[in-house]
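Observations on the three-dimensional arrangement
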There are 2 protein chains.
Amino acid sequence: MQIPACYDDAMSRKYPEQVVLVIARDSTGKCNPMAAGWVMIASSQPPMMAVALGTARHTLEAIGHSREFVISFPGEGMAEDTLYYGTVSGRDEDKLAVRRARTQSAEKIECVLLSDAVASFECALEGEMPAGDHVIVVGRVVASHVNSDAGLRRLFNLGERNLQPLPVR
Amino acid sequence: MQIPACYDDAMSRKYPEQVVLVIARDSTGKCNPMAAGWVMIASSQPPMMAVALGTARHTLEAIGHSREFVISFPGEGMAEDTLYYGTVSGRDEDKLAVRRARTQSAEKIECVLLSDAVASFECALEGEMPAGDHVIVVGRVVASHVNSDAGLRRLFNLGERNLQPLPVR
């Protein structure tokens, strides 16, 4: 039976939640990764993805500037990096340098890919829509990549900053 | 290392993917559930959720009519129902009647809740944004519910129509 609950209690039943990294080039030319869980596929043809970004986020400002970004599925070895990318602002630090992240150039946009990701999607900004204290950013996927290790698993958020790979199939 | 891939191959690394049911009242007054995986939280304050619906979907038409909908997290006993709700159109069948689904009235909107869901969110339509062959529908959460069984697990899509609960924490 369904019983009334406050929103936060009801939403705490969502886990495990996916986690992605959104990488965007800011106005200083620095590529900055941010962890995000509020992301979805938005279209099949052409392929598009959407991510909800807080209105005050450095990443939202960066995408407004460069009008392109990468969405990465972090690999199972990236839990500590991903927590860091989700708690520190790119306004304050060069996050990829601090974490000595392994990167490589994107193919179709001026950005970087994380070499240890499970998959990466290069996106061209297609549109934005305000939603409360966030903005929904929609990107058209212009290039896709996978890890050369086909068995690498994605990280998911099991709640309370506990990032783990999950079994598939 | 990241290596170029076609979009479908890269996106096949996404699993496990969440699955929700979107329930909307159509112009005949019938409440119709549809399975969807392309859904996210879009705002904290006020709480909002977004779901991408194919432009031809009965559910998109129904939401355009009633301007409100429910998002449900299906419970672990609902795998067969959820697959059915994802493959049959509400234009052709009264899906809740066919499955003899246990329902109860929503609290703030004219719709139904699925009694066996893990959690349910009643939403008032806030806005829509076209995205390729889909439309992103944004709803403001006006009431939330949880199952009286606090241990009930959510279903996830492990790929190839394999819906399973997953471990949390």
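Residues numbered from 1 in each chain as written. Chains lettered and ligands numbered in written order. Predicted model: local features only at pLDDT ≥ 70, side-chain atom pairs only at ≥ 80, totals over all residues.

Focus: the overall build of chain A
Spelled out, the test is: Secondary structure elements are taken from DSSP: a helix is a run of H or I of four residues or more, a strand is a run of E of two residues or more, and numbering for both begins at the N terminus. With the radius of gyration taken over C-alpha atoms, the globule rule is written as 2.2 Å times the number of residues to the power 0.38. By the convention adopted here, residues make contact when the C-beta atoms placed from their backbones lie within 7 Å.
Secondary structure summary: chain A contains four helices and 13 strands in total. Relative to a compact globule of 169 residues, whose C-alpha radius of gyration would be 15 Å, chain A shows 16 Å and is just as compact. Seen through its C-alpha atoms, chain A measures out along the principal axes to roughly 50 × 40 × 35 Å. Nonlocal contacts in chain A, meaning residues at least 24 apart in sequence, comprise 63% of its contacts between residues at least 6 apart.

Regarding the pairing of strand 4 (residues 31-36) of chain B
Residue and element names in this part refer to chain B. Here is the rule: Labels follow a simple rule on C-beta atoms placed from the backbone: if 20 or more others lie within 10 Å of a residue's own, it is buried; if 12 or fewer, it is exposed; otherwise it is partly exposed. Should DSSP find at least two bridges between two strands, the strands are taken to pair.
Of all six residues that make up strand 4, six are buried, and the element is covered over most of its length. Burial along strand 4 is two-sided: the residues C31, P33 and A35 and N32, M34 and A36 are all buried. Of the strand pairs in this sheet, strand 3 (residues 20-25) and strand 4 are connected by six bridges, and their pairing is antiparallel. Bridging from a neighbouring strand, A24 pairs with N32 of strand 4.

A short note on the environment of I109 of chain A
All names here are of chain A. Tracing the chain through its elements places I109 in the loop between strand 8 (103-105) and strand 9 (112-114). Looking at I109, the number of C-beta atoms within 10 Å reads 22, which means it is buried. The spacing of I109 and Y15 is 94 residues in sequence and 33 Å in space, taken between C-alpha atoms. In contact with I109, other than residues within four places in its own chain, are E68, E122, A124 and V142.

Description of the interface of chain B and chain A
Interfaces are often sized by the accessible area lost when the parts come together. As a reminder of what qualifies: Three categories are distinguished: nonpolar for Ala, Val, Leu, Ile, Met, Phe, Trp, Tyr, Cys and Pro, charged for Asp, Glu, Lys and Arg, and polar for the others, with Gly belonging to the last.
Contact residues are listed per partner, giving 57 residues for chain B and 57 residues for chain A. Counting only elements with at least two residues in the side of chain B that touches chain A, the list comes to strand 1 (2-5), helix 1 (7-11), strand 5 (39-43), strand 6 (48-54), strand 10 (119-131) and strand 11 (134-147) of chain B. Tallying contributions element by element places strand 11 of chain B first for the side of chain B that touches chain A, with eight residues. Along the lines of polarity and charge, the residues of the side of chain B that touches chain A split into 34 nonpolar, 16 polar and seven charged. Relative to strand 1 of chain B, strand 11 (residues 134-147) of chain A runs antiparallel, the two being bridged by four bridges. Each bridged residue has a counterpart across the sheet, and for N147 of chain A the counterpart in strand 1 of chain B is Q2 of chain B.

Overview of the environment of K30 of chain A
Residue and element names in this part refer to chain A. Structurally, K30 can be placed in the loop between strand 3 (20-25) and strand 4 (31-36). Taking the number of C-beta atoms within 10 Å as the measure of exposure, K30 has 16 and is therefore partly exposed. For the pair K30 and G54, spaced 24 residues apart in sequence, the C-alpha to C-alpha distance is 20 Å. Aside from chain neighbours lying at most four places away, what touches K30 is G90 and D94.

Focus: the nonpolar core
Test applied: When buried Ala, Val, Leu, Ile, Met, Phe, Trp, Tyr and Cys residues are joined through C-beta atoms within 7 Å, the set is termed a nonpolar core.
In this structure, A50 and I136 of chain A together with A50 and I136 of chain B are the most contacted members of the largest nonpolar core, which totals 113 residues. Apart from residues lying up to four places away in sequence, I136 of chain B is in contact with A42, A50, M129 and I136 of chain A together with A50, A52, E128, M129 and A131 of chain B.

Comments concerning the relation of the copies chain B and chain A
Put simply, the test is: Copy-to-copy superposition: least squares on the C-alpha atoms, limited to residues that have pLDDT of at least 70 in both copies.
When chain B is brought onto chain A, the operation consists of a screw motion whose angular component is 180° and whose axial shift is 0.0 Å, with 0.0 Å RMSD remaining. Such a combination of turn and shift is consistent with a two-fold rotation axis. The C-alpha atom lying nearest the rotation axis in chain B is that of M40 of chain B; the distance is 3.1 Å. By residue overlap, the copies meet face to face through one surface: 100% of the interface positions of chain B are interface positions in chain A.

Structural notes on the sheet that holds strand 13 (residues 163-165) of chain A
The strands that make up a sheet pair up through hydrogen bonds in the backbone, lying either parallel or antiparallel. Ordered in space as 2-12-13 (chain A), the three strands form an open sheet in which the pairing is antiparallel. For this open sheet the edge positions go to strand 2 (17-18) and strand 13 of chain A, each flanked by a neighbour on one side alone.

Observations regarding the confidence of the model for chain A
To be explicit about the condition: Summary of the metric used: pLDDT quantifies the predictor's per-residue confidence within the range 0 to 100.
Across chain A, the average pLDDT comes to 96, with 99% of residues at 70 or higher. Across the interface, the model reports ipTM at 0.97; the global pTM reads 0.97.

A word on the pairing of strand 7 (residues 68-73) of chain B
All names here are of chain B. Across the six residues that make up strand 7, a large majority, six, are buried. Because side chains alternate across strand 7, one face comprises the buried residues E68, V70 and S72, and the other comprises F69, I71 and F73, equally buried. As paired strands, strand 7 and strand 10 are joined by six bridges and run antiparallel to one another. When the sheet's bridge partners are listed, S72 is paired in strand 10 with S120.

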